[in-house]
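Inside the fold
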Amino acid sequence: MKAFVVTKYREPLQVAEVPDPVVGEHDVLVRVDAAGLNQLDEKIRLGEFKQILPYSLPLILGNDVAGTVIGVGDRVRGFRPGDEVFARPDKDRIGTFAERIAVAETDLAIKPASATMLEAASLPLVSLTAWQALVERGRVKAGDKVLIHAGAGGVGSIAIQLAKHLGATVATTAGAATVDFVRELGADVVIDYRDQDFEQLLSGYDLVLDSLGGTNLAKSLRILKPGGRAIGIAGPPDPAFAREMGANPVLRVAMSLLSRKVRRSARALGVHYEFLFMRASGDQLRQIADLVDAGALRPVVGQVHRFDEIPQALSSLGTSGARGKSVAAGPVNR
């Protein structure tokens, strides 16, 4: 089958003929009808995550899929051929930029009935990130104050909607061109990051979801109330994440050093910082699908690309000013 593969870090993706996926007894074979494009894909291609995600090359890239079941392993009970599904495969089994992919049954869910394949492909990684930050870790509840940075982006556009569904008051940062858009998503307070300083305008927040890191993260700590929490998805990784991923002792020390400054700052302010690298979960995707079908969440597809445009589309992520998520039609839909 045809797939886009990383053959060497920092080199362009290559189209290659690769073997068909091996389908284990607990796996589901999915025809890729659409795939989401993520900054994570580009960072992997550039080798920026080599220490966290030590993949062997060549590697089929792609972290989001929506498609149709075309085969199941002997012990699969929850899916059958013809089912329309979506998933973020486990981090060790990515590869959605291909004609087919085998996904563990536990990482897969029936796609929202109200969503197209392209819309469903836009959801897994960003919606799982938002869910694990706001529901699982943040335990956001009615009355909480939540700041979500980059509200017009892939994660931000879903996180705003989810936080509002949970009953929070939501602030977000955005450019002037997307102010109305993020308000439509549910943001109560919108800060134009080019002309306004959110640190001067916000205070007493329960949670910040930070996707930018650096100075932005440092300022985010200072708008939290005592006991508040900043969850970073752009880094730096913390010791808890190192333990979770089973990092070797050297890497654990390195991650501890990388996050030492921000953790010290958080402690001095009486707040908490933690790094989140989302994990695959079919159970959570089922709950997300229910929210989509109930109208509480709507997929936000910013740009749609042909399958053969994936390399160029990946390299332009973050520079086009697109709202929401970029997606590509699967090879069969070219």
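Scroll up to find the structure this text is about.
Quantities reported herein were computed from a predicted structural model and do not represent experimental measurements. (Residues numbered from 1 in each chain as written. Predicted model: local features only at pLDDT ≥ 70, side-chain atom pairs only at ≥ 80, totals over all residues. Heavy atoms only, no water.)

**Quick notes on the overall build of the protein chain**
For the protein chain, the helix and strand inventory stands at 11 helices and 16 strands. In terms of C-alpha radius of gyration, the protein chain reaches 19 Å, essentially the compact-globule figure of 20 Å for 334 residues. Each principal axis of the C-alpha atoms in the protein chain carries an extent, and together these give about 55 × 45 × 35 Å. Within the protein chain, the fraction of its 334 residues that count as buried is 55%. Long-range pairs, those at least 24 residues apart, make up 69% of the contacts in the protein chain between residues at least 6 apart in sequence. With an accessible surface of roughly 14,400 Å², the protein chain has 50% of that area assigned to carbon and sulfur atoms. Once the 40 positive and 38 negative side-chain charges of the protein chain are each reduced to a mean point, those two points are 6 Å apart. (Helix = DSSP H or I, 4+ residues; strand = E, 2+ residues; numbered from the N terminus. Rg over C-alpha atoms; globule rule 2.2 N^0.38 Å. Buried < 20%, exposed > 50% of the residue type's maximum accessible area, 1.4 Å probe, protein only. Contact = heavy atoms within 4.5 Å. Areas by Shrake-Rupley, 256 points an atom, 1.4 Å probe, with all protein chains shown as cover. Lys, Arg positive; Asp, Glu negative; His and termini not counted. Charge placed at Lys NZ, Arg CZ, Asp CG, Glu CD.)

**A word on the nonpolar core**
By size, the foremost hydrophobic cluster in this structure holds 103 residues, and its most contacted members are L61 and I310. Ranked by residues supplied to this core, first place goes to helix α3 (residues 124-137) with seven residues. Ignoring sequence-local partners within four residues, the contact set of I310 consists of F4, L13, L37, F97 and A328. Counting residues in hydrophobic clusters, the runner-up holds five residues, among them M1, A3, V5 and V18. (Core = buried A, V, L, I, M, F, W, Y, C linked by side-chain atoms within 4.5 Å.)

**Details of the pairing of strand β7 (residues 100-104)**
For β7, the buried fraction is high: four of the five residues fall into the buried class. Direction of pairing for strand β3 (residues 27-37) relative to β7: antiparallel, over a ladder of five bridges. Bridging from a neighbouring strand, R31 pairs with R100 of β7. (Pairing = 2+ DSSP bridges.)

**A closer look at the sheet that holds strand β12 (residues 205-210)**
Reading across the sheet, the six strands line up as β11-β10-β9-β12-β13-β14 and stay open at both edges, with parallel pairing between neighbours. Whereas interior strands pair on both sides, the edge strands pair on one side only; in this sheet they are β11 (189-192) and β14 (272-275). Averaged over all pairs of adjacent strands, the angle between their axes in this sheet comes to 15 degrees, without regard to strand direction. (Axes fitted to C-alpha atoms, helices over the stretch in contact; angles between N-to-C directions.)

**A word on the packing of aromatic side chains**
For the structure on display, the rule yields four aromatic pairs. Ring plane angle 80 degrees and centroid distance 5.0 Å describe the contact between F241 and F275, whose orientation is recorded as edge-to-face. Of this pair, F241 sits in helix α8 (residues 239-244) while F275 is found in strand β14, placing the two residues 34 residues apart along the sequence. By the burial criterion, F241 is buried, and F275 matches it. (Phe/Tyr/Trp six-rings, centres within 6.5 Å; stacked < 30°, edge-to-face > 60°.)

**With respect to the pattern of salt bridges**
As enumerated under the stated definition, the model contains 22 salt bridges in all. For E17, the salt bridge goes to K2, with nearest N and O atoms at 3.1 Å. Of the two residues, E17 is situated in strand β2 (residues 14-17) and K2 in strand β1 (residues 2-6); the sequence distance between them amounts to 15 residues. Its salt-bridge partner being R286, residue D283 comes within 2.4 Å of it at the nearest N-O pair. Note that D283 and R286 are positioned in helix α10 (residues 282-294) at a spacing of three residues, about one turn of the helix. A residue is classified by how much of its surface remains accessible, and R286, at 35% relative accessible area, is partly exposed. Within this structure, R137, R229, E244 and E274 form a network of salt bridges that share partners. (Salt bridge = Lys/Arg side-chain N within 4 Å of Asp/Glu carboxyl O.)

**Some points on helix α9 (residues 249-269)**
Spanning 21 residues, α9 covers 29 Å between terminal C-alpha atoms, matching the ideal 30 Å at 1.5 Å per step. Taking the largest bend as the criterion, α9 deviates by roughly 50 degrees, centred on R260. Among the residues of α9, those classed as buried are L251, M255, S259, V262, R263 and A266. On its buried face, α9 is in contact with α7 (214-221), α8 and β14. (Expected span 1.5 Å × (residues − 1). Bend = angle between axes of the 7 residues up to and from the residue.)

**Points about the environment of A247**
Relative to the helices and strands, A247 resides in the loop between α8 and α9. Discounting residues that sit within four places of it in the chain, A247 has contacts with A242 and R252.

**Thoughts on the pairing of strand β9 (residues 145-148)**
As judged from the four bridges shared by β9 and strand β10 (residues 169-174), these two strands associate in the parallel manner. Across the sheet, K145 pairs through a bridge with T169, a residue of β10. Read from β9 through helix α4 (residues 154-165) to β10, the crossover connection turns out right-handed. The pairing of β9 with β12 spans three bridges and is classified as parallel. Its bridge partner lying in β12, V146 is registered against L207. (Right-handed = clockwise from strand over helix to strand, strands pointing away.)

**Details of unusual backbone geometry**
Put simply, L57 and P58 share a cis peptide bond, and its omega is 0 degrees. Along the polypeptide, P58 turns up in the loop between α1 (39-45) and β4 (59-60). Cis rather than trans, the peptide bond between G235 and P236 has omega equal to 0 degrees. Position of P236 relative to the elements: it lies in the loop between β13 (224-232) and α8.

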